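Report on the structure
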Amino acid sequence: MTVSTENEIPIIQYGDGEVEKPKKPGMICVVEDNAVSRVSIVRHLERDGFTVISAVDGVQGLALIRGALPDVVLLDIFMPGMDGRQVLECLKADELLKHIPVIMVSAATEIETVVRCISLGAEDYLVKPCDPVLLHVRIKALLERKFSHDYEVALQTQLQRSYEQLRALEQYKDDLTHMLVHDLRTPLTSILSGLMTMESMGELNELQQEMLTMGIQGGQALLGMINDLLDISKMEDGSLKLALEPLEPGALAAAALQQVQALAAERGLTLAGEVEPDLPVISADRDKVGRTLVNLLGNACKFTPDGGTITLAMRALPLEKALRFSVSDTGEGIPQEAFERIFEKFGQVETRKAGHKYSTGLGLTFCKMIVELHGGRIWVESELGQGSTFSFTLPTERK
């Protein structure tokens with residue numbers, strides 16, 4: 001956005017559009033039934049450089065104002081047919097015209113009527129016969145206000161248009177990303193199927209087996225990221241539906257620990273499970289809750305130094321009518337200022353740009369959205385050098 005000035009009226013360039021400055025010095029509409037008074041006012045205003053249009057009564061004046069959209073209206077109060085007060089009421093009731101400032105023109109004996117007009121929205125008044133200097137000063141002051149209002153309206157309109165264009169471009173980007181990510185899943189699944197089939201096609205030497213295992217694990221990690229991204233998109237647009245079923249917490253813990261066992265073994269990490277006995281069965285989506293646990297355990301494995309310990313704990317919270325799931329590690333910890341940011345999709349970008357990495361992919365964003373979709377909450381507790389504990393709750397009773 002660039003800003004420049006010309007004749008003290010700002011011009012704003014925003015994107016490809018330009019908010020135009022008001023035309024100077026301004027158009028004045030004089031509505032006055034007395035010919036002598038009308039001609040005198042028009043001559044004074046034209047001599048001061050204003051563009052002037054005039055009408056001889058209220059009906060003609062209202063039509064002229066609607067057609068020309070002047071910058072200021074000088075409106076006589078007492079006129080035959082439609083008087084100035086009625087014209088004023090029509091102007092202030094019209095969304096297009098209500099912001100045009102109006103100066104009421106009256107005789108000194110009509111002050112009570114002027115007060116009523118001011119209460120209806122007139123900005124000022126002048127007593128007949130109009131003093132040319134005072135007339136000029138009053139009109140200039142109202143023109144400044146009118147130009148300022150017009151400028152703000154034009155700017156808001158341009159900003160709204162630019163915002164809508166930005167939203168449309170963002171939607172196109174999201175749609176394209178979703179399409180590409182969705183299309184990546186099919187060939188990746190085929191690659192993984194082929195790699196897994198190779199294990200049963202004959203004996204492999206140690207190096208071949210190692211390379212094959214690396215390929216399978218890398219492919220599975222990539223597939224997990226793709227699934228997380230697709231599910232996040234579905235949750236953002238409200239199209240993801242949970243497949244609720246009765247789940248036994250101990251079985252969830254055992255399955256999640258089994259999935260990260262190989263990763264932990266590679267790092268020489270100790271995996272531990274601490275599950276309270278007799279935990280209640282919960283109603284939840286097995287796949288989504290399982291992936292949440294695996295994401296948290298996988299992060300802990302990747303960010304815990306070799307030889308460390310990772311603990312998955314589950315316990316009941318009777319007062320909250322919920323279960324608490326916790327994954328603790330003995331890693332380097334997370335600074336407190338990053339606690340909220342690491343769960344947000346764009347917060348991941350910010351922390352990585354700052355040279356920090358507290359999770360892989362969008363795993364924590366997926367975890368947060370899934371937990372909240374189940375009606376729970378998720379948080380982290382950590383101190384630098386003391387490890388981290390990621391916890392979330394799931395309700396034991398569905399509302």
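1. Some points on the overall build of the chain
In terms of helices and strands, the chain carries 11 helices and 15 strands. Within the chain, the proportion of its 399 residues that are buried is 40%. Put simply, 66% of the contacts in the chain that link residues at least 6 apart link residues at least 24 apart.

2. As for the environment of Thr304
Within the element layout of this structure, Thr304 appears in the loop between helix H9 (286-302) and strand E12 (309-317). Between the alpha carbons of Thr304 and Thr330 there is a distance of 6.0 Å; along the sequence they are 26 residues apart. Not counting residues within four places of it along the chain, the set of residues in contact with Thr304 comprises Arg267, Leu269, Thr309, Ile310, Asp329, Thr330 and Gly331. A polar side-chain atom of Thr304 sits 2.5 Å from the main-chain carbonyl oxygen of Ala300.

3. Remarks on the sheet that holds strand E5 (residues 51-55)
Here we have five strands laid out as an open sheet, ordered E5-E4-E6-E7-E8, and parallel in their pairing. Each having just a single partner strand, E5 and strand E8 (124-127) make up the two edges of the open sheet. Averaged over all neighbouring strand pairs, the angle between strand axes comes to 20°, with direction disregarded. Bridge count between strand E4 (residues 27-31) and E5: five bridges; the pairing is parallel. Across the sheet, Val31 pairs through a bridge with Ala55, a residue of E5.

4. Description of the sheet that holds strand E14 (residues 378-382)
What the five strands build is an open sheet, ordered E10-E12-E13-E15-E14; its pairing is mixed. Whereas interior strands pair on both sides, the edge strands pair on one side only; in this sheet they are strand E10 (270-275) and E14. Taking the axes of each pair of neighbouring strands and ignoring which way they run, one obtains an average angle of 15° across the sheet. Direction of pairing for strand E13 (residues 322-328) relative to strand E15 (residues 388-395): antiparallel, over a ladder of seven bridges. Across the sheet, Ser328 pairs through a bridge with Thr389, a residue of E15.

5. A short note on the layout of surface pockets
Over the atoms, a rolled probe matching the size of one water molecule traces out where space is still vacant. Its boundaries defined by the atoms lining it, the largest pocket holds a volume of some 920 Å³. Along the walls of the largest pocket sit 26 residues, with Gln220, Ala221, Gly224, Gln259 and Val294 positioned nearest its centre. When residues of the lining of the largest pocket are traced back to their parent elements, those giving at least two are helix H6 (206-237), helix H8 (261-266) and H9. Sort the elements by how many residues they give to the lining of the largest pocket and H9 lands first, with nine residues. Across the lining of the largest pocket, the residue classes break down as eight nonpolar, 12 polar and six charged.

6. Structural notes on the packing of H6 against H9
Angle between the axes and distance between the axes are the two parameters that describe a pair of packed helices. Following both chains from N to C, one finds H6 and H9 inclined at 125°, their axes separated by 12 Å at the closest point. Between H6 and H9, the crossing angle belongs to the class labelled oblique. Relative to H9, the crossing made by H6 is left-handed. Here Asn227, Asp228 and Asp231 of H6 come into contact with H9, specifically with Lys288, Arg291 and Asn295. Within the contact of H6 with H9, the residues separate by chemical class into no nonpolar, two polar and four charged.

7. Let's talk about a nonpolar patch on the surface
Judged by side-chain polarity, Ile111, Val115, Ile118, Tyr125 and Val127 come together as a nonpolar surface patch covering roughly 370 Å² of accessible area. Broken down by secondary-structure element, the contributors of at least two residues to the nonpolar patch are helix H4 (111-120) and E8. With three residues, the top contributor of residues to the nonpolar patch is H4. The residue Tyr125 is located in strand E8 in this model. Taking relative accessible area as the criterion, Tyr125 reaches 33% and is therefore assigned partly exposed.

8. Overview of the packing of aromatic side chains
By the definition in use, this model includes two aromatic pairs. Between Phe325 and Phe392, the aromatic rings sit 4.7 Å apart at their centres with planes inclined by 5°, giving stacked as the arrangement. Of this pair, Phe325 sits in strand E13 while Phe392 sits in strand E15; the two residues are 67 residues apart in sequence, bridging distant segments of the chain. Residue classification places Phe325 among the buried residues on the basis of a relative accessible area of 1%.

9. Quick word on the pattern of salt bridges
Across all of its chains, the model carries 18 salt bridges by this definition. The partner of Asp287 in a salt bridge is Arg291, with the nearest N and O atoms 3.3 Å apart. One end of the pair is Asp287 and the other is Arg291, both in helix H9 and four residues apart, which spans about a single turn. For Asp287, a relative accessible area of 42% puts it in the partly exposed group.

10. Regarding H6
The terminal C-alpha atoms of H6 lie 47 Å apart, and with 32 residues this matches the ideal 46 Å at 1.5 Å per residue to within 8%. Among all positions of H6, only Leu212, Ile216, Gly219, Leu223, Ile226, Asn227, Asp228, Leu230, Asp231, Ile232 and Met235 are buried. A distance of 3.1 Å separates the backbone nitrogen of Leu207 from a side-chain oxygen at the start of H6, and that oxygen is part of Asn205. Immediately beyond the C-terminal end of H6, within one or two residues, lies Gly238, with a positive phi of roughly 80°.

11. Considering the environment of Ala338
For Ala338, the location among the structural elements is in the loop between E13 and helix H10 (345-353). Along the chain, Ala338 and Val380 lie 42 residues apart, while their C-alpha atoms are 9.8 Å from each other.

Rules and cut-offs
Residues numbered from 1 in each chain as written. Predicted model: local features only at pLDDT ≥ 70, side-chain atom pairs only at ≥ 80, totals over all residues. Heavy atoms only, no water. Helix = DSSP H or I, 4+ residues; strand = E, 2+ residues; numbered from the N terminus. Buried < 20%, exposed > 50% of the residue type's maximum accessible area, 1.4 Å probe, protein only. Contact = heavy atoms within 4.5 Å. Polar contact = N/O pair within 3.5 Å; in protein donor to acceptor, adjacent residues only side chain to side chain. Pairing = 2+ DSSP bridges. Axes fitted to C-alpha atoms, helices over the stretch in contact; angles between N-to-C directions. 1 Å grid on protein atoms, 1.4 Å probe; cavity = no way out; pocket = protein on both sides within 12 Å on 5 of 7 lines; lining within 4 Å. Points joined across faces, edges and corners; volume = space filled by probe spheres on them. Nonpolar A, V, L, I, M, F, W, Y, C, P; charged D, E, K, R; others polar. Parallel < 35°, antiparallel > 145°, perpendicular 65-115°, else oblique. Left-handed = near helix turned anticlockwise from the far one by under 90°. Patch = residues over 30% accessible without salt bridge, like charges linked within 9 Å, V, L, I, M, F, W, Y side chains within 5 Å. Areas by Shrake-Rupley, 256 points an atom, 1.4 Å probe, with all protein chains shown as cover. Salt bridge = Lys/Arg side-chain N within 4 Å of Asp/Glu carboxyl O. Phe/Tyr/Trp six-rings, centres within 6.5 Å; stacked < 30°, edge-to-face > 60°. Expected span 1.5 Å × (residues − 1).

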